[in-house]
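Overview (structure and organization)
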Amino acid sequence: YEPGSQDYNDVFETAVRMYPNDTTANLNAAVIALEKNDLAAAKRYLEKAGASAEAVNARAILAIRENRLDDAAQLLRQCTLPEAAHNLNELTLYLNSVRH
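Residues numbered from 1 in each chain as written. Predicted model: local features only at pLDDT ≥ 70, side-chain atom pairs only at ≥ 80, totals over all residues. Heavy atoms only, no water.

1. Examining the packing of helix α3 (residues 39–46) against helix α4 (residues 53–65)
To characterise two packed helices, one gives the angle between the axes of the helices and the distance between these axes. Across the interface, α3 lies against α4 with an axial gap of 11 Å and an inter-helix angle of 150°. Here α4 runs roughly antiparallel to α3, going by the angle between their axes. The chirality of how α3 crosses α4 is left-handed. Across the interface between the two elements, L39, A42, K43 and L46 from α3 touch A55, A58, R59, L62 and R65 from α4. The residue makeup of the contact of α3 with α4, split by class, is six nonpolar, no polar and three charged. (Axes fitted to C-alpha atoms, helices over the stretch in contact; angles between N-to-C directions. Helix = DSSP H or I, 4+ residues; strand = E, 2+ residues; numbered from the N terminus. Parallel < 35°, antiparallel > 145°, perpendicular 65-115°, else oblique. Left-handed = near helix turned anticlockwise from the far one by under 90°. Contact = heavy atoms within 4.5 Å. Nonpolar A, V, L, I, M, F, W, Y, C, P; charged D, E, K, R; others polar.)

2. Details of the packing of aromatic side chains
Enumeration over the complete set of coordinates arrives at one aromatic pair. Considering the side-chain rings of Y8 and F12, the 4.9 Å spacing of their centres and the 65° angle between planes classify their relative orientation as edge-to-face. Within this pair, Y8 and its partner F12 are both found in helix α1 (residues 6–18), separated by four residues, close to a single helical turn. The class of Y8 is partly exposed, set by a relative accessible area of 24%. Looking at R44, its charged tip hangs above the ring of Y45, at a distance of 5.2 Å from the centre. (Phe/Tyr/Trp six-rings, centres within 6.5 Å; stacked < 30°, edge-to-face > 60°. Buried < 20%, exposed > 50% of the residue type's maximum accessible area, 1.4 Å probe, protein only. Lys NZ or Arg CZ within 6 Å of the ring centre and 35° of its normal.)

3. Re α1
The first and last C-alpha atoms of α1 sit 18 Å apart over 13 residues, in line with the 18 Å expected at 1.5 Å per residue. Regarding α1, the residues found buried are N9, A15 and V16. Along α1, the residues classed as buried sweep out an arc of 125° about the axis, all on the same side. Facing away from the buried surface of α1 by more than 90 degrees, the exposed residues are R17 and M18. In the core, the buried residues of α1 are packed alongside α2 (23–35) and α3. (Expected span 1.5 Å × (residues − 1). Arc of directions from axis to C-beta.)

In structure tokens form, the structure reads like this:
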């Protein structure tokens, strides 16, 4: 299925219902929830998403969406993904522009 399609989303939402403690299922469900801007669901899924770099990056995105920008920056600094470095750079530029 094409990422972002309803079928794709349905597969991962079914997986997290069938395997509620599986870190991968929870991470994928969290990403889908973030894409839908369902922050409450994303937070719930991220609690069981483990400590992978992808989970840390997703937690940072959630923190940004919740306007917890300092928390987001701290999470992004911990993350080893290239997209996390990009996100941290963008967040730093934003924070510098609003704080000065």
